[in-house]
Amino acid sequence: PGADPVPLQDPPFEFFGPVDNEGELEQRPKAEEGEGEEEEQEEDQTEEAGEEEAISSRKENRKMQLLSEVDPETMPPSYQTNTLEETLVLEYVDNFRRQFVQLYPRRPEVLLTPRNECGVPKCVCSTLRPAQLNYKELYDLDTCAKFIADHIEYEPLPNPLKLPTYLPSPGSTLLWQLGDCLDMSAVLCSLLIGVGYDAYCVSGYAPRAITLADQTRNDCPALVTQDEDMATVGPKEGDEKSGVEETDDSKPAAAYQIKSRPALHSIYLLAQEKLGWINDEEKSREAGAQEEEEPEEGPDPHEGQRVHCWVLVLSGKREVPADFFVEPSTGKLYPVRSSPYLGIESIWNHTNYWVNMQETVQPMGSNISLDLNDTNRWEFVFLDSGRGGQDREEDEAEGAEGAEAKDADKIIDLPPPWPKRLEIRRDAYLGRCANGCKITEYRKCKLEKFSDSTRTDGLVQRITIYHDIARTMVKEVRETYANRRDRLEERAYFPDSGVRKDRFGNGRLTPDALKEIIEAPDRRELIFYSSARLDGMVKRVEVFGKKVVEFFDARDDRLNYRSLTYEKGEDSSAPQGRDNIRKMCERFDRAPDVDADNDVRLRNFLMAEGKITLDFHYGEGRITAASRTFTKDGKSVCSSADPFAKQQRGSALREQFAHLVQAEKDCMQALRDGDRAAKELLLLRKKEEDNILLNKSLYEQLKVKQKEEASQPVEEEVDTSYKHDYLAPYLPKGYKGVKNLSRAEATAVKDACLNALRERLVDRSRIIENRLEEEQQSLTRRQAGYQRQDKDKTAEEEYERYVQDASFRIQILKQRRDRHDDMAKQKFKDTIQLLAQDPRLVSLNEQPLPRTTK
């Protein structure tokens, strides 16, 4: 570290740039000096414009405010100072920077040693800290990028033409939940490398919309669903069939062929289609006019010069099929060949740093190569890299082992990462969004994301769709909820039509099994989870003042439809009576075990006309079906699809009419019950909306429990040793402590303890003896029975197997009995010795006082 800088011609530190560029720099004609001065003046003007924009944005730069509030003494030692190895690397990198500036003075300086939050210069490679956190969402590329975009609030660079000189540790960025493109790229790259991706930070140039995270000209990703895998599905060019059918030449042509029937077209339908095309053209013309009204973005004075930082993920690891660019501010993934970025200056990860030596044309597209092993296109900084360094050494020192050994001595190892281990607190992870909310404006749309803990109604996302580009006329509002006790998940509202849709998840605590509510000014629909209802209702539709329809599924009575129609002008909210009802209708599914002429398909109760009609199912191979009509006075009119079928008797028709009268009453009562249940459900929903309850996660429940335990007063510890005392059952009642017992009390305790032990040992011995006698008696009976019965091979094998098992059990029981006898004697002796040593029974060891006689 104290030595002189390495000379420019030293091979390990020599900068290998393109020969043409070097020649231009070393042998610049004097005639071009004037042009160079003009270009320098233009660059000065551009820098002045960038500085003016930087001064205006610096006033609201929150990152610099946070950096100024950092106390270096509270940081770890690795944040405050540099080790000897880090100092050596800084000198090595500074030497690289000087040579780069000397060889390429017109190129901007590369970002190599930014300062950390303590103001200490650090190598940009060692700032990356690969880490794998214990969150499943951060293991995949797409979900991890979206989480970082939501979790960290993006802040544009103060100077759009220069990269920042401060790069805090990724841990501080996660803690602040605030950062610019460089900070967010460092965090995202660290997490992706930690989970196995081949990720790199990229420094380059991007359009103004990317650098400012302006998405007002893009469609909302929550509304646009693109499936690239299905893009290739469908007929390809040349696969469509022409009007001529293909024929098989191997088969002989038929002598006579049937002419194909001409295609018939309806003039009316053609006219309607033409009218529809005209309407579509008018709509598209109106939409195009609206599109033309969209204000055009003004020219950018810094076009192609705005610096930016993003993440590159190369293919290979984690089964990544192709190279991708990841924008950290939005979490979007761009294929390299169709990315919006304009150019690349440098790339780095935790192992090396590469400088782009290619001449790229904006936008990059396919003009840039990302093969970091190609030393003609990428210049590396550290020689011990797994990419590029080995190839360079092979090209320069092929066959010269001595030179390779000499160069190996000058290779500098990159120091380990200086930031501390990355971590995201559980509450911060569950909160997700910085400051509890994130608002993003898109084209004709606004997306709002909320943290779970910031909203008392459980709202986590709101999408507002507008009619116009200026986002002033609301077309639709979509809301997403989470952790609701009433299981509400989604809500959509259409201000133009006044329609509101509420969708619920499965598992409501109430027995209604509600799935969806659709409310409009003229109607209401209730959709249910039919499998969770006893009546099997699927949907209930109520058209105010006109009709009520109920749909069912999987019922025992095969009912699938029930409707009620009111008289014109009647209010459906009025009490249901026979006066304001015009008709009721019920439909049934086909019963396979019933004849079609007796299986009712449709049952109409015509209240206004005083009739009841029955329509039966169609029989197999029939185009007509039977029907019957009953009047209120009992008369009937029957029609059968089978002319040879027997006519119904009068008694059977009267019995069926009585059944229909009762069915009419049941249908009326069922509709009343359905109307009452619907009103109760709506009343319950109103109460749920007035008092919204949220389900707390397990983490929040544990957090609340810890707070409650911490707030409670500390109770005195109770001595529980007496609960495990072997003398506790035999001590005098109310005795606690270690005071000595009197001689009489000690004798009683000792005798009770020994008697209890003796009884327990005797009982155990009796149990073993009884089991032994049972096994012996069972074996004796089996032997006697075997001697009396006929012997065959199967019975003989079974008998031998039983005798072996029984003998084994008898032997084990005898061993257990003998062992119990020995252990019982030893246990009794040990208990007597334990009682003699117990301090509470010390009075038994004292000699009794001699009696004195007068």
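Residues numbered from 1 in each chain as written. Predicted model: local features only at pLDDT ≥ 70, side-chain atom pairs only at ≥ 80, totals over all residues. Heavy atoms only, no water.

Engineer: Report on the overall build of the protein, specifying residues and quantitative values.
Structural biologist: When helices and strands are counted, the protein shows 18 helices and 25 strands. Looking at the protein residue by residue over its 854 residues, the buried ones come to 37%. Once local pairs closer than 6 in sequence are excluded, the contacts in the protein between residues at least 24 apart make up 57%. When the accessible area of the protein is evaluated, it comes to approximately 53,400 Å², of which 49% is carbon and sulfur surface. (Helix = DSSP H or I, 4+ residues; strand = E, 2+ residues; numbered from the N terminus. Buried < 20%, exposed > 50% of the residue type's maximum accessible area, 1.4 Å probe, protein only. Contact = heavy atoms within 4.5 Å. Areas by Shrake-Rupley, 256 points an atom, 1.4 Å probe, with all protein chains shown as cover.)

Engineer: Describe in detail the packing of helix 17 (residues 743-788) against helix 18 (residues 793-837), supporting the description with residues and values.
Structural biologist: Relative orientation of the contacting elements helix 17 and helix 18 amounts to 170°, with a least axis distance of 10 Å. In terms of their interaxial angle, helix 17 and helix 18 are classed as roughly antiparallel. Where helix 17 crosses over helix 18, the two elements pack in a sense that is left-handed. In the contact of helix 17 with helix 18, the residues fall into 19 nonpolar, 6 polar and 15 charged. (Axes fitted to C-alpha atoms, helices over the stretch in contact; angles between N-to-C directions. Parallel < 35°, antiparallel > 145°, perpendicular 65-115°, else oblique. Left-handed = near helix turned anticlockwise from the far one by under 90°. Nonpolar A, V, L, I, M, F, W, Y, C, P; charged D, E, K, R; others polar.)

Engineer: Report on the environment of Gly 304, specifying residues and quantitative values.
Structural biologist: Positionally, Gly 304 belongs in the loop between helix 11 (267-292) and strand 4 (307-314). Along the sequence, Gly 304 and Leu 161 sit 143 residues apart, while their C-alpha atoms lie 9.7 Å from each other.

Engineer: Lay out the pattern of salt bridges with the relevant residues and their values.
Structural biologist: Per the stated rule, a full pass over the model turns up 61 salt bridges. Two residues, Glu 153 and Arg 62, come together in a salt bridge whose shortest N-O distance is 3.0 Å. Here Glu 153, found in strand 1 (residues 153-154), pairs with Arg 62, found in helix 3 (residues 62-68); they are 91 residues apart in sequence, far enough to count as distant. Residue Arg 62 is classed as partly exposed on the basis of its relative accessible area of 36%. The partner of Arg 676 in a salt bridge is Asp 673, and the shortest N-O contact between them spans 2.8 Å. With Arg 676 and Asp 673 both in helix 15 (residues 650-690), this residue pair falls 3 residues apart, about one helical turn. Accessibility expressed as a relative area gives 43% for Arg 676, which makes it partly exposed. (Salt bridge = Lys/Arg side-chain N within 4 Å of Asp/Glu carboxyl O.)

Engineer: Got a sec to walk through helix 7 (residues 141-151)? Specific residues and values, please.
Structural biologist: The buried count for helix 7 comes to 8 of 11 residues, which makes it a mostly enclosed element. When we look at burial in helix 7, the residues that qualify are Leu 141, Cys 144, Ala 145, Phe 147, Ile 148, Ala 149, Asp 150 and His 151.

Engineer: How would you sum up the confidence of the model for the protein? Please name residues and give values.
Structural biologist: This prediction gives the protein a mean pLDDT of 80; 78% of its residues lie at or above 70. Low pLDDT (under 50) marks residues 54-59, which in the prediction has 5 contacts with non-local residues, meaning those over four places away or in another chain. Contacts of residues 402-406 to residues separated by more than four positions or lying in other chains number 2 contacts, the stretch itself having pLDDT below 50. (pLDDT = per-residue confidence, 0-100.)

Engineer: Residues and numbers for the pairing of strand 4, please.
Structural biologist: One face of the sheet, then the other: side chains in a regular strand alternate in exactly this way. Within strand 4, 8 of the 8 residues are buried, which leaves the element mostly enclosed by the surrounding structure. Here strand 4 shows no split at all, with Val 307, Cys 309, Val 311 and Val 313 on one side and His 308, Trp 310, Leu 312 and Leu 314 on the other all buried. As paired elements, strand 3 (residues 198-205) and strand 4 share 8 bridges and run antiparallel to each other. The residue of strand 4 that forms the bridge with Asp 198 is Leu 314. Pairing of strand 4 with strand 5 (residues 324-326) involves 3 bridges; the strand directions are antiparallel. When the bridges of strand 5 are listed, Val 313 appears paired with Phe 324. (Pairing = 2+ DSSP bridges.)

Engineer: Before we move on, can you summarise the sheet that holds strand 8 (residues 353-356) with the specific residues and values?
Structural biologist: Pairing is antiparallel in the open sheet, where 7 strands are placed in the order 6-5-4-3-7-8-9. One side of each edge strand has no neighbouring strand; the edge strands of this open sheet are strand 6 (333-335) and strand 9 (378-380). Averaged over all neighbouring strand pairs, the angle between strand axes comes to 30°, with direction disregarded. The pairing of strand 8 with strand 9 spans 3 bridges and is antiparallel. The residue of strand 9 that forms the bridge with Trp 354 is Phe 380. Across the sheet, helix 9 (residues 181-194) is in contact with strand 3, strand 4, strand 5 and strand 7 (343-348); its angle to strand 4 comes to roughly 10°.

Engineer: An account of the nonpolar core is requested, with residue identities and associated values reported.
Structural biologist: Among the nonpolar cores identified, the biggest contains 84 residues, and Phe 325, Ile 344, Ile 347, Trp 348 and Tyr 353 are the most heavily contacted of them. In terms of residues, this core owes the most to one element, helix 9, which gives 10 residues. For Phe 325, the residues in contact, after removing those within four places along its chain, are Trp 310, Val 311, Leu 312, Lys 332, Leu 333, Tyr 334, Val 336, Ser 339, Tyr 341, Ile 344, Met 364 and Leu 370. (Core = buried A, V, L, I, M, F, W, Y, C linked by side-chain atoms within 4.5 Å.)

Engineer: Explain the packing of aromatic side chains to me, using residue names and the numbers behind them.
Structural biologist: Throughout the structure, instances matching the rule amount to 13 aromatic pairs. Aromatic pair Phe 325 and Tyr 341: ring centres 5.6 Å apart, planes at 90°, arrangement edge-to-face. Separated by 16 residues along the polypeptide, Phe 325 in strand 5 and Tyr 341 in the loop between strand 6 and strand 7 bring together distant segments of the chain. The pair formed by Phe 325 and Tyr 341 is uniform in burial state, with each residue classed as buried. These aromatic residues form a ring-pair network of at least three members: Trp 310, Phe 325, Tyr 334 and Tyr 341. When the ring centre of Phe 528 is taken as origin, the NZ or CZ atom of Arg 533, which lies over that ring, is 4.3 Å away. Above the face of the Phe 552 ring, Arg 555 is positioned so that its terminal group lies 4.8 Å from the ring centre. (Phe/Tyr/Trp six-rings, centres within 6.5 Å; stacked < 30°, edge-to-face > 60°. Lys NZ or Arg CZ within 6 Å of the ring centre and 35° of its normal.)

Engineer: Summarise the packing of helix 7 against helix 9; cite the residues concerned and give the values.
Structural biologist: Where helix 7 meets helix 9, the axes come as close as 10 Å, and the angle between the chain directions of the two elements is 150°. If you check the angle between helix 7 and helix 9, you find them roughly antiparallel. Judged by the sense of rotation from one axis to the other, the crossing of helix 7 with helix 9 is right-handed. Here helix 7 contributes Leu 141, Cys 144, Ala 145, Ile 148 and Ala 149 to the contact with helix 9, which in turn contributes Met 184, Val 187, Leu 188, Leu 191 and Leu 192.

Engineer: Any details on the side chain of Ser 339? Residues and values, ideally.
Structural biologist: Mapping Ser 339 onto the fold places it in the loop between strand 6 and strand 7. Here Val 336 takes part through its backbone oxygen, which lies 3.3 Å from a polar atom of the side chain of Ser 339. Once residues lying within four places of it in the same chain are set aside, the contact partners of Ser 339 are Phe 325, Tyr 334 and Met 364. (Polar contact = N/O pair within 3.5 Å; in protein donor to acceptor, adjacent residues only side chain to side chain.)

Engineer: Report on helix 9, specifying residues and quantitative values.
Structural biologist: Helix length check: helix 9 (14 residues) gives 20 Å between terminal C-alpha atoms against 20 Å at 1.5 Å per residue, within 8%. Its side-chain oxygen 3.2 Å from the backbone nitrogen of Leu 182, Asp 180 forms the N-cap of helix 9. Backbone geometry just downstream of helix 9 places Gly 196 in the positive-phi region, at approximately 105°. (Expected span 1.5 Å × (residues − 1).)

Engineer: Can you explain a negative patch on the surface? Please cite residues and give values.
Structural biologist: Negative charge collects at one region of the surface, where Asp 792, Glu 796, Glu 797 and Glu 800 lie side by side. Along the chain, Glu 800 turns up in helix 18. In this structure Glu 800 comes out as partly exposed when scored by relative accessible area, which is 43%. (Patch = residues over 30% accessible without salt bridge, like charges linked within 9 Å, V, L, I, M, F, W, Y side chains within 5 Å. Lys, Arg positive; Asp, Glu negative; His and termini not counted. Charge placed at Lys NZ, Arg CZ, Asp CG, Glu CD.)

Engineer: Can you lay out unusual backbone geometry for me, pointing to particular residues and giving the numbers?
Structural biologist: Not every positive phi belongs to a glycine, and Arg 432 is a case in point at roughly 65°. Tracing the sequence through the fold places Arg 432 in the loop between helix 14 (426-431) and strand 10 (437-442). Taking relative accessible area as the criterion, Arg 432 reaches 22% and is therefore assigned partly exposed. In this structure, Ala 554 takes a positive phi of about 60° despite not being glycine. Looking at where Ala 554 falls in the secondary structure, it is placed in the loop between strand 19 (547-552) and strand 20 (559-566).

Engineer: Provide a residue-level description of the pairing of strand 22 (residues 600-606), including the pertinent values.
Structural biologist: Along strand 22, 6 of the 7 residues are buried, which leaves the element largely enclosed by surrounding structure. Pairing between strand 21 (residues 581-588) and strand 22: 5 bridges, direction antiparallel. Paired with Glu 586 across the two strands is Arg 603, which belongs to strand 22. Here strand 22 runs beside strand 23 (residues 611-616); their pairing, made up of 6 bridges, is antiparallel. Paired with Phe 605 across the bridge in strand 23 is Ile 612. If you look at the hairpin formed by strand 22 and strand 23, you'll find 4 residues sitting between the two strands, and Gly 610 has a positive phi there, around 70°.

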